[in-house]
Structures are given as C-alpha cells and as structure tokens.
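# Notes for the structure review
Here is what each chain is made of, one letter per residue.
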Amino acid sequence: MKLLRTVGPEQESEIAKRIEALGPWFQNMKIGESWTAPDHFLGDYPGEKFRRFARQLPADLSGKSVLDIGCNAGFYSIEMKRRGAERVLGIDSDDRYLDQARFAAEALDQDIEFRTLSVYDVGKLGERFDLVIFMGVLYHLRHPLLALDLIRDHVAGDMLLFQSMQRGSPHVLKTEEDYPFEEWGVFFETSFPKLHFVERQYARDWTNWWVPNRACVEAMLRSAGFTIEQRIEEEVYLCRAGPVPFADWDEGAFYPVQGGNL
C-alpha cells in the first residue's frame, strides 16, 4: 500500500489498522497521520536521536549501496534511501520486524529490500557495501566481537555507522601496548576497556547480554579493523574500514558454516 500525498480518512483508517496488526513496534515512525509506537518510553525514537547526528552523515548517497544490519522496522534503511542511496538492503533475524519494515517502506514509497539474515551470516551476501549500519545491535549479541569481525571481513566496503548502549565510565584510559603478567592494578581502572556481562536481564530484556563502557566500544571497533573517524553523538560513531590489526593472524573470524559438516 503506497501512501498517497493526499490521504483520505479511509486510507488513514487502513494504515492505523495495519500498524496495530503488525505491533508491537519498537521504532516509532509516522506513517500518514499515525505513529507506530505513540507510547514509546523514549518518545520520538529513533527519530529524535537521528536528528542529533544526521548532519554528520553524507547528505547525498547517490550511487551508493547500504546494508542495515538489525534493521528492525526499517527506520535507518528508509532514511538512507531518502538520501538517494541506489540500493538499500535491511536484514534482521526477526521476521516480525521485517514485516513492519516492508509495510513502512511500501507505505512511504521507498524501494528497499529486506531479508531474514543473522549478523553472523553476512558472509552469505557475497558483496561489500559503501555504508554498513550497525545501530543498537552489539549488546544484544552473545558473540559481539565475532559480529564486528564478520562485518569487517565480509561486508564493510567503506563506512560504518555504529551505535551501542554504553554504561560505566565515559572516560577512555590510554592503554599500553603490553602489560607484564604481574600487572593487576590497571584492571581496576574504571576507564579500562570493560565489557559487562548480563547473565539474566537488563531493563526487562533478556537479550541484553553485554554492556560495554566507552573505552571498550572504541577498542573493539579498532580491534575489528575499523578506524574511528568521528564520535558523532553520544554512543554513535562514524568509522571507516581500515587495516585489521594483528595481520599476522591470518585465520580471520571463525564461524562454522550453518548446516555444514565440521
């Protein structure tokens, strides 16, 4: 159902019904005169957050390809298509979110492809993208560094737009290249890179497995082979695919092929 410029009461009613049928929504978007999550605990989210750093992103993505990993209801996919991206692919492991994304993109007249795919299987895409979006996903993963490695190994062609929830110290300790085995004190520094493990739930969400501090986020990005170009908003980074450290380790990110024989 494409959203016409002039929307009548009958079409508005149909939009509202579809939004309700596809709910609950996490991303609050306006389609016609209806909001998908009007009672969202963060309000106009992620729109309000996006507006705080939107100017730091390329305004014209003409001829560019975009991969939105963990696209949810497609907010960022739609925004990048509006900037003229030639091809936008959104992936998510939750088909409910993908149904929402397909509806939103169609209603807003944006030509976007959506697929069911885990971040751990991005190698199956067999292509690299000019811009990879990885927003609000890292802390929901059991194996976060593996995910970053796989993104760098298989799909990141140039830019990475990254965000992760952060807790703990907002400061970044300048670490040494190496520490002796007898060194203990540095691990008690609150600004040392720390990845906090959540065994049960955080914010009533059992998928919040890991919560890094700022130093940890930045260290993980560098370790996976991303150069941080700019911290464009609290928790949000614009990165470039750079050299992978520890280049003498030539095995790359290990992840068994699904359905294969080990």
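A brief look at the structure comes next. (Residues numbered from 1 in each chain as written. Predicted model: local features only at pLDDT ≥ 70, side-chain atom pairs only at ≥ 80, totals over all residues. Heavy atoms only, no water.)

When you go through the chain residue by residue, the secondary structure sums to six helices and 11 strands. Taken over the C-alpha trace, the chain has a radius of gyration of 20 Å; the compact-globule value for 262 residues is 18 Å, and the two agree within 12%. Projecting the C-alpha coordinates of the chain onto the three principal axes gives extents of approximately 70 × 40 × 35 Å. Per-residue burial over the chain gives 47% buried out of 262 residues. For the chain, the computed accessible surface area is about 14,700 Å², with 50% contributed by carbon and sulfur atoms. Treating the 30 positive side-chain charges of the chain as one cloud and the 42 negative ones as another, the clouds have centres 4 Å apart. (Helix = DSSP H or I, 4+ residues; strand = E, 2+ residues; numbered from the N terminus. Rg over C-alpha atoms; globule rule 2.2 N^0.38 Å. Buried < 20%, exposed > 50% of the residue type's maximum accessible area, 1.4 Å probe, protein only. Areas by Shrake-Rupley, 256 points an atom, 1.4 Å probe, with all protein chains shown as cover. Lys, Arg positive; Asp, Glu negative; His and termini not counted. Charge placed at Lys NZ, Arg CZ, Asp CG, Glu CD.)

Along any regular strand, the residues point their side chains to alternate faces of the sheet. As paired elements, strand β4 (residues 87-92) and strand β5 (residues 113-116) share four bridges and run parallel to each other. By the bridge assignment for β5, G90 is matched with F114. Following the backbone out of β4, through helix α4 (residues 95-107) and into the adjacent parallel β5, one traces a crossover that is right-handed. (Pairing = 2+ DSSP bridges. Right-handed = clockwise from strand over helix to strand, strands pointing away.)

A few words now on the packing of helix α1 (residues 9-22) against α4. Where α1 meets α4, the axes come as close as 10 Å, and the angle between the chain directions of the two elements is 165 degrees. In this view, α1 runs roughly antiparallel relative to α4, as classed from their interaxial angle. In this structure, α1 meets α4 at a crossing whose hand is left-handed. Contact with α1, carried on its side by I15, R18, I19 and L22, involves R96, D99, Q100 and F103 of α4 and no other residues of that element. Partitioned by chemical class, the residues of the contact of α1 with α4 number four nonpolar, one polar and three charged. (Axes fitted to C-alpha atoms, helices over the stretch in contact; angles between N-to-C directions. Parallel < 35°, antiparallel > 145°, perpendicular 65-115°, else oblique. Left-handed = near helix turned anticlockwise from the far one by under 90°. Contact = heavy atoms within 4.5 Å. Nonpolar A, V, L, I, M, F, W, Y, C, P; charged D, E, K, R; others polar.)

Here we take up α1. With 14 residues, α1 should cover 20 Å at 1.5 Å per step; its first-to-last C-alpha distance of 20 Å lies within 8% of that length. Those residues of α1 that fall on the buried side of the exposure criterion are Q11, E12, I15, I19 and L22. For α1, the buried positions fall inside an angular range of 100 degrees around the axis, keeping them on one side. Exposed residues on α1 whose side chains face more than 90 degrees from its buried face are P9, E10, K17, E20 and A21. (Expected span 1.5 Å × (residues − 1). Arc of directions from axis to C-beta.)

So, about the nonpolar core. Among the nonpolar cores identified, the biggest contains 38 residues, and F53 and L161 are the most heavily contacted of them. Elements represented by at least two residues in this core include exactly α1, α2 (47-53), α3 (75-82), α4, β6 (129-135), β7 (156-163) and β11 (236-241). The dominant element in this core, judged by the number of residues it contributes, is α4, at six residues. Excluding anything up to four places from it in sequence, F53 contacts Y76, M135, L161, I232, E233 and V236. (Core = buried A, V, L, I, M, F, W, Y, C linked by side-chain atoms within 4.5 Å.)

Moving on, we come to the layout of surface pockets. Space inside the largest pocket adds up to approximately 1,400 Å³. F26, N72, G136, Y139 and H140 are the residues nearest the centre of the largest pocket, which is lined by 46 residues in total. Looking at which element gives the most residues to the lining of the largest pocket, the answer is α2, with three residues. Here the residues of the lining of the largest pocket are counted per class, giving 23 nonpolar, 11 polar and 12 charged. (1 Å grid on protein atoms, 1.4 Å probe; cavity = no way out; pocket = protein on both sides within 12 Å on 5 of 7 lines; lining within 4 Å. Points joined across faces, edges and corners; volume = space filled by probe spheres on them.)

With that settled, consider the sheet that holds β4. Taken together, the seven strands give an open sheet; going across it, the order is β5-β4-β3-β6-β7-β11-β10, and neighbouring strands pair in mixed fashion. Two strands lie at the open edges of the sheet, namely β5 and β10 (226-233), each paired on one side alone. The sheet shows a mean angle of 20 degrees between the axes of neighbouring strands, taken without regard to direction. Judged from the six bridges that link them, β10 and β11 form a sheet pairing that is antiparallel. Each residue of the ladder has a partner; that of Q230, found in β11, is L238.

Turning to the packing of aromatic side chains, a few remarks are in order. This structure, assessed with the given rule, holds 12 aromatic pairs. Relative to Y45, the ring of F26 lies with its centre 5.7 Å away and its plane at 70 degrees, an arrangement referred to as edge-to-face. Within this pair, whereas F26 is found in the loop between α1 and β1 (30-31), its partner Y45 is found in the loop between β2 (34-35) and α2, the two being separated by 19 residues in sequence. Taking the centre distance of 6.3 Å and the plane angle of 80 degrees together, the rings of W206 and W209 count as edge-to-face. Take W206: its relative accessible area is 57%, and that puts it in the exposed class. (Phe/Tyr/Trp six-rings, centres within 6.5 Å; stacked < 30°, edge-to-face > 60°.)

With that settled, consider the environment of V186. Relative to the assigned elements, V186 resides in the loop between β7 and β8 (195-197). Note: C-alpha distance between V186 and T175 (11 residues apart in sequence) is 8.8 Å.

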